[in-house]
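# Descriptive structure summary
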Amino acid sequence: GVAAAGGTALNAQASSDSSSASSSNSLVFDPDGYTILTTTVTDTDGNDHSVTYHFWKAITYVAKPVDETYQSLIVSAPVEIDGKTVDPTNAPILFANSVGGYMPSSVADATGVGAGGMSGGGGMPSGAPTGSAAPSASASASASASASNANGNTNATGGATASNQLLALAAGYVVVEPGARGRTLKNSSGEYYGTAPAAIVDLKAAVRYVKSNMGRIPGDVERIVSAGTSAGGALSSLLGASGDSPIYDKYLKEIGAADASDAIFAVGAWCPITDLEHADCAYEWNWGSNVTQSTGKVVDQTVSKELQAQFAEYQASLKLRGLSRFGALTARNYDAYLVRQYLEPSATRYLTDLSDSDRAAYLAKNTFITWSGGRAAFTWDDFLTHVGARKKTTPAFDAFDLSAGENNLFGAGTTANRHFTAYSAKNDTTGLSGKRVASDIPEKLHLMNPMFHLVEKVNGRRSKHWWIRLGTNDSDTSHVISANLAAAANGLGDEVNHLYYWDQGHGANTDPGDFITWIAKVTG
Ligand code: DHB
């Protein structure tokens, strides 16, 4: 598998114009506007597959773009796999975003499939000052990430696992990769134009573009499966939960989104960093007993305890029931639920797959695990000790000094960073007058939270299929966030496939082949 994902242009039918996006913005997809590329995809068994595909470079997906660098998408449709002709006309569509850290994400310069799809490639620079990146700087950072990932996805040695995008292409699916505005974008007047809800509005506009081009664009627009990791996983789950919700209409109108549905068929979400206004209390409930951060700093115990108390109230208000007939989920039993539903089965799968001698060695090193009858058992407290230092300070998301990335996500106008929880506004250390969140924040929180569409205002147009994945060592957010998302969807009768990857950290995707198989199953 040496061929670069960028491949060889055998037939350059695309216009010779090298600008990154079309300037007409007619929102009519040109079925003939592709180049033909070839790539080699190494599957999860290590076998190489040669794929020839039609590639449409960046197409602006809104009629009134704010910034075409981000509001554009690329399309890849396989036509020959291992020498056999395939017809992508009615294939499922993988709609894969590459958003990380709620930052801007661009496919403007992408030259082939997989524009940034390596799992764990995104990510929020922890503790980095926010709001200072100029659009052009972000654009070039994104573009170079795209280029390296496009090439990095097919590796010369055949050792690395391919991305969702490449595996989907090799399975015969159409791959649409949208860019989206992100929180750091600032115009020449100093106004932030990529803060909430810009990214979700853009992804919805991209879905509307695809759906409005039914019959012209390759793939079955009624079988769109979204995928994303971390902030991208949050947006993927939000896209699925909020399909056709009218609360986005005014924002979609503003950017000239196509007149079509934005409901999608299924959601893939890896370590979604979502339910942000409850993430601080959920974080302390989960990681609060790990008082030391990975930096060595001991977090404020008073704040941690106050947030833990808030979590009990929040969890009770959700009235969620656990999977596997667990019953009502509360702050008191959630540890038992996580251990039984997710963590022990995760360790069991991991240990089952090891050779006898590797398993014995692992168990000798990790004596907190009882291995009996082919099953792993352990306590929550021992699990927390096993994970060790927490990644984030307290509060983890709405920092008293506005230094968290999420403070920037909720920036507006010329204000880079704002509070989005009453508790942190009250404890603000930046001189916030009134010590209250701004009046527009409650609406912005609804626009950004899948739980709003699954619990508070149940959306019948949501996705009914959910693939959710999380590493057991991931302390970027609380384990409760994914588990609540799964419980909410499951409680509505949706099909939920939620597993944890044992001993994996933030951004892990260790079963992408299973995701591809799942797509075939749920869309078949
Ligand atoms: C991401 C990570 C975070 O810790 C966070 O708070 C937001 C986003 C990310 O990797 O996308």
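These numbers come from a predicted model, not from an experiment. In this convention, every chain numbers its residues from 1, walking through the sequence in written order. Local features in this predicted model are restricted to residues whose pLDDT is 70 or higher, and side-chain atom pairs enter the listing and the counts only when it is 80 or higher, whereas totals over whole chains, interfaces and linings include all residues. Water and hydrogen atoms were dropped before computing side-chain values, which therefore reflect all heavy atoms in the structure.

### Quick look at the packing of aromatic side chains
Two aromatic rings from Phe, Tyr or Trp, using only the six-membered ring of Trp, form a pair when their centres are within 6.5 Å; if the ring planes differ by under 30 degrees the pair is stacked, by over 60 it is edge-to-face, and anything between is tilted. Inspection of the entire model under this criterion finds 23 aromatic pairs. Charges are assigned to positions over rings by a cutoff of 6 Å between ring centre and Lys NZ or Arg CZ, combined with an angular limit of 35 degrees from the ring normal. Between the NZ or CZ atom of K204 and the centre of the ring of Y248, over which it lies, the distance is 4.4 Å. In this structure, R469 is placed above the aromatic ring of W467, and the distance from its NZ or CZ to the ring centre is 3.5 Å.

### Remarks on the nonpolar core
Taken as a class, soluble globular proteins show a tendency for nonpolar side chains to be buried jointly. Residues belong to one nonpolar core when they are buried, are Ala, Val, Leu, Ile, Met, Phe, Trp, Tyr or Cys, and are joined through side-chain atoms within 4.5 Å. Residue exposure (1.4 Å probe, protein chains only): buried if accessible area is under 20% of the type maximum, exposed if over 50%, otherwise partly exposed. Among the nonpolar cores identified, the biggest contains 145 residues, and L338 and F515 are the most heavily contacted of them. Helix and strand definitions here come from DSSP, where helices need a minimum of 4 consecutive H or I residues and strands a minimum of 2 consecutive E residues; each element is numbered from the N-terminal end. Looking at which element gives the most residues to this core, the answer is helix α3 (residues 198–212), with nine residues. Note on contacts: a residue pair qualifies if any of its non-hydrogen atoms lie within 4.5 Å across the two residues. The contact partners of F515, leaving out residues within four places of it in the chain, are L94, N164, V225, S226, A227, G268, W270 and W467.

### What to know about the site of the ligand
Of all residues adjacent to the ligand, which total twelve residues, the nearest are G101, S230, K392, E406 and D476. By the criterion applied in these results, polar contacts are pairs of N or O atoms within 3.5 Å in which, for protein atoms, one can donate a hydrogen and the other can accept it, and in which residues neighboring in sequence qualify only through two side-chain atoms. A distance of 2.6 Å separates an oxygen atom of the ligand from a polar atom in the side chain of S230. A distance of 3.0 Å is found between an oxygen atom of the ligand and a backbone nitrogen or oxygen belonging to A231. All accessible areas in this document rest on Shrake-Rupley with a 1.4 Å probe, and a residue is counted as covered only by the protein chains that are shown. Relative to its free-state accessible area of 300 Å², the ligand is covered by the protein chains to the extent of 97%. Among the residues forming the shell around the ligand, the class breakdown is four nonpolar, five polar and three charged. Working definition: residue near molecule or strand if any one of its non-hydrogen atoms lies within 4 Å of it. Classification used: nonpolar for Ala, Val, Leu, Ile, Met, Phe, Trp, Tyr, Cys and Pro, charged for Asp, Glu, Lys and Arg, polar for all others including Gly.

### A short note on the pattern of salt bridges
The term salt bridge refers to a side-chain nitrogen of Lys or Arg lying within 4 Å of a carboxyl oxygen of Asp or Glu. Inspection of the entire model under this criterion finds 15 salt bridges. As a salt-bridge pair, K204 and D262 come within 2.9 Å of each other at their nearest N and O atoms. Of this pair, K204 sits in helix α3 while D262 sits in the loop between α5 (249–254) and β8 (266–270), and the two are 58 residues apart along the sequence. Judged by relative accessible area, which is 0%, D262 ranks as buried. Ionic pairing is found between R462 and D494, a salt bridge with its closest N-O pair at 2.7 Å. Here the residue R462 occupies a position in the loop between α14 (450–456) and β13 (465–471), and D494 occupies one in the loop between α15 (479–491) and β14 (495–501), the gap between them amounting to 32 residues.

### Digging into the state of the cysteines
Note on disulfides: each one is a pair of cysteine sulfur atoms within 2.5 Å. This structure, assessed with the given rule, holds zero disulfides. With no disulfide partner, C271 has as its closest neighbouring cysteine sulfur the one in C281, 20 Å distant. Residue classification places C271 among the buried residues on the basis of a relative accessible area of 2%. Residue classification places C281 among the buried positions, given a relative accessible area of 4%.

### Some remarks on the pairing of strand β5 (residues 93–96)
Side chains of β5 alternate between two faces, with I93 and F95 and L94 and A96 buried alike. Should DSSP find at least two bridges between two strands, the strands are taken to pair. Bridge analysis of β5 against strand β7 (residues 224–229) gives four bridges, and the strand direction is parallel. What sits directly across from I93, in β7, is I224.

### Comments concerning the pairing of strand β2 (residues 48–60)
Of all the 13 residues making up β2, ten are buried; the element is thus mostly covered by neighbouring parts of the structure. Bridging between strand β1 (residues 35–42) and β2 involves eight bridges; their strand directions are antiparallel. Among the inter-strand pairings, V41 is bridged to a residue of β2, identified as H49. As paired strands, β2 and strand β3 (residues 72–81) are joined by eight bridges and run antiparallel to one another. Directly across from Y53, in β3, lies its bridge partner P78.

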